[in-house]
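In case you want the letters, here they are:
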Amino acid sequence: KYRGAAPIQWAIVNGEKQTGITTMLTALGVDCGDMLLKEIVDIKENETAGQLFDRLAQLGGKVLVKTLHGLLEGNITPVEQNEDEATHFPMLEKKDGQIFWDKTAQQVHDLIRGVNPWPSAYTTYKDTTIKIWASEVVNQNGQCGEVLSSKEELIIACKEGAIKVLEMQIPGKKRMPADVVLRGFHINVKDTFI
């Protein structure tokens, strides 16, 4: 699964609970060689693609060394991949970070995590593009994109549930905790993000 240039990001965006590292033989095609060794890891609830990438990089080095030893000792048998289970996902583009508020809160949260650090999740408020770097799912409801709270915390409604924005960035500023941004950038309750 998740053959292609951005398997870590797409796994998070799609709400997967597990991912992993696989060493394989080279073959014509994308990620389609016989598998040698694989290690499965759980994706943490609020883990970003960048954090998971770093964790998998460490694991990947260990799996590679284990694979080389296993090949030298002759105790690894290549396993053919099941092509019926194979999926391919493209390289991420900037447009893939756009938040669509007609998704569930969990889907929006997963997108925010999956495109962090690049291309980053973004939305629009009154013609201003705002990046959202971190969020959590909260049990509130409203119209898609509706601002439910904006005084000390920013809560935005989704199709089902809502997200609380934990870290955001407005144009010309660095990324900051949402409550800090809200002290100088005013967002009105009942307004809508698009």
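Quick summary incoming for the structure in this document. (Residues numbered from 1 in each chain as written. Predicted model: local features only at pLDDT ≥ 70, side-chain atom pairs only at ≥ 80, totals over all residues. Heavy atoms only, no water.)

## Concerning the nonpolar core
Soluble globular proteins tend to bury their nonpolar side chains together. Counted only if it meets this: Here the nonpolar core consists of buried residues drawn from Ala, Val, Leu, Ile, Met, Phe, Trp, Tyr and Cys, with membership extended through side-chain atoms lying within 4.5 Å. We call a residue buried when its accessible area falls under 20% of the maximum for its residue type, exposed when it is over 50%, and partly exposed in between, using a 1.4 Å probe and counting protein chains only. Elements are defined by DSSP. Helices are runs of H or I of four residues or more, strands are runs of E of two residues or more, and each kind is numbered from the N terminus. The contact criterion used is simple: two residues touch if any of their non-hydrogen atoms lie within 4.5 Å.
By size, the foremost hydrophobic cluster in this structure holds 41 residues, and its most contacted members are W101, L154, I187 and F193. Where this core is concerned, the elements lending two or more residues are α1 (7-13), α2 (49-73), α3 (105-114), β5 (121-125), β6 (128-138), β8 (154-157), β9 (162-169) and α4 (178-182). Sequence-distant contacts of I187, defined by excluding residues within four places in its chain, comprise Y125, V147, S150, L154, M168, L182 and F193.

## What to know about the layout of surface pockets
Quick note on the threshold: Cavities and pockets were defined on a 1 Å grid built over protein atoms only: a cavity is a set of grid points that admits a 1.4 Å probe from which the probe cannot escape, a pocket is an open set flanked by protein on both sides within 12 Å along at least five of seven lines, and lining residues are those with an atom within 4 Å of any such point. Grid points are joined across faces, edges and corners, and a volume is the space filled by probe spheres set on the points. The nonpolar class holds Ala, Val, Leu, Ile, Met, Phe, Trp, Tyr, Cys and Pro. Asp, Glu, Lys and Arg form the charged class, and all remaining residues, Gly among them, are polar.
Put simply, the largest pocket is a space of about 1,000 Å³. Together, 28 residues line the largest pocket, and K1, Y2, T19, G20 and T22 are the ones closest to its centre. Elements represented by at least two residues in the lining of the largest pocket include exactly β1 (3-4), α1, β2 (18-24), β3 (35-42) and α2. Per-element tally for the lining of the largest pocket: the top contributor is β2, with seven residues. Broken down by class, the residue content of the lining of the largest pocket amounts to 11 nonpolar, nine polar and eight charged. Every residue lining the second largest pocket is listed: W10, V13, N14, K95, D96, Q98, I99, F100, K103, Q107, V108 and L111. For the lining of the second largest pocket, the elements supplying multiple residues, two or more each, are α1 and α3. Per-element tally for the lining of the second largest pocket: the top contributor is α3, with three residues. Within the lining of the second largest pocket, the residues separate by chemical class into six nonpolar, three polar and three charged.

## Examining the pairing of β8
Heads up, the condition is: Between any two strands, pairing holds if DSSP finds at least two bridges.
Of the two faces of β8, the one holding L154 and I156 and the one holding I155 and A157 are both buried throughout. Pairing between strand β7 (residues 147-149) and β8: two bridges, direction antiparallel. Paired with S149 across the strands is I155, a residue of β8. Hairpin connection, β7 to β8: the antiparallel pair is bridged by four residues. Examined bridge by bridge, β8 and β9 share four bridges and lie antiparallel to one another. Of the residues in β9, the one forming a bridge with I156 is I163. Connecting the antiparallel pair β8 and β9 is a turn made up of four residues, with G161 showing a positive phi of about 80 degrees.

As far as function goes, none of this settles anything; it's purely spatial.
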